[in-house]
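Chain by chain, the residues run as shown.
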Amino acid sequence: MGKVCFFVLYLARRYKLLLLVISDIVSMVISMLLAFYLLTSPGLVGATASLSRFWWVLLLSLAFRIGTFRNFGLYHWAWQYMSVREVVALIKAVILSTILLAATVAIFGNREFPPAIFVVEGLICFALIGGVRLAIRYWKDAHLSFSQAGNEKRILIVGAGDA
């Protein structure tokens, strides 16, 4: 596991971005499946049967979310320095993409689609994607603090002010 972490840490920026987009897509698919599982007929078989009728909603969700995430700059930040500003941007992007998805399904879809799916799926999507990004920050903080503890010579700078 340690070698994989070091490999990912020293990847080029575009490959890290690709991994982040792939993890977002996986999180979005899981959130849609989980929302269908929680709100439709019992069991995973019922949820996948319901989702098989509405597969186009999953594709729209992926397109809207990736587009809004890109427009809100969620693929431009260094998530190891995640702060409240990034979390607010993630909340806004999830809300906007959920509204776009709900409006599109209401206009072009049929009346059989359960509208509560949008709220539940949006909440789960925020939790999963925010959790991935928070885990990136946590891992980076833990990795840097442990990796530098024994490798660096500690020094004291006198008179450094705010340095």
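What you see is a predicted model; the values in this text were computed from it and never measured.

Caption draft 1: Highlighting the side chain of E121. As for its position among the elements, E121 is in helix α6 (residues 116–149). There is a polar contact of 2.4 Å between the side chain of E121 and the side chain of R65. The residues contacting E121, other than those within four sequence positions of it, are M28, S31, M32, A35, S61 and R65.

Caption draft 2: Region of interest: the packing of helix α2 (residues 13–39) against helix α4 (residues 55–71). Following both chains from N to C, one finds α2 and α4 inclined at 140°, their axes separated by 10 Å at the closest point. By the criterion of interaxial angle, the relationship of α2 to α4 is oblique. As for the relative orientation of α2 and α4, their crossing is right-handed in sense. Of α4, the residues touching α2 (which contributes V21, D24, I25, M28, V29 and M32) are V57, L58, S61, L62, R65, I66 and F69. Looking at side-chain class alone, the contact of α2 with α4 contains 10 nonpolar, one polar and two charged residues.

Caption draft 3: Inspection of the environment of R133 at higher detail. Position of R133 among the secondary structure elements: in helix α6. Between the C-alpha atom of R133 and that of V87, which follows or precedes it by 46 residues, the distance is 9.5 Å. At a separation of 2.7 Å, a polar atom in the side chain of R133 contacts the side chain of D24.

Caption draft 4: How the structure looks around the environment of G73. Structurally, the position occupied by G73 is in the loop between α4 and α5 (84–108). The class for G73 is buried, based on a relative accessible area of 12%. Spatially, the C-alpha atom of G73 lies 9.1 Å from that of L90, the residues being 17 residues apart in sequence.

What counts, and where the lines are drawn
- Residue positions are counted from 1 within each chain, in the order its sequence is given.
- Only residues with pLDDT of at least 70 are given local features in this predicted model, and only at 80 or more are side-chain atom pairs given and counted; all residues enter the totals for whole chains, interfaces and linings.
- Just so you know, side-chain values use all the structure's heavy atoms and leave hydrogens and water out.
- In DSSP terms, a helix is any run of H or I states spanning at least four residues, a strand is any run of E spanning at least two, and both are numbered starting from the N terminus.
- By the criterion applied in these results, polar contacts are pairs of N or O atoms within 3.5 Å in which, for protein atoms, one can donate a hydrogen and the other can accept it, and in which residues neighboring in sequence qualify only through two side-chain atoms.
- Contacts are residue-level and defined by heavy atoms, with any inter-residue pair within 4.5 Å sufficient.
- Throughout, an axis means a line fitted to C-alpha atoms (over the contacting stretch in the case of helices), and angles, computed between N-to-C directions, take values from 0 to 180 degrees.
- Every angle not falling under 35 degrees, over 145, or within 65 to 115 is termed oblique; those three ranges are roughly parallel, roughly antiparallel and roughly perpendicular.
- Definitions for this section: a left-handed crossing has its near helix turned counterclockwise from the far helix by less than a right angle. A right-handed crossing has that turn clockwise.
- Just so you know the grouping, Ala, Val, Leu, Ile, Met, Phe, Trp, Tyr, Cys and Pro go in nonpolar, Asp, Glu, Lys and Arg go in charged, and all remaining residues, Gly too, go in polar.
- Only protein chains enter the area calculation, which uses a 1.4 Å probe; residues under 20% of their type maximum are buried, those over 50% are exposed, and those in between are partly exposed.

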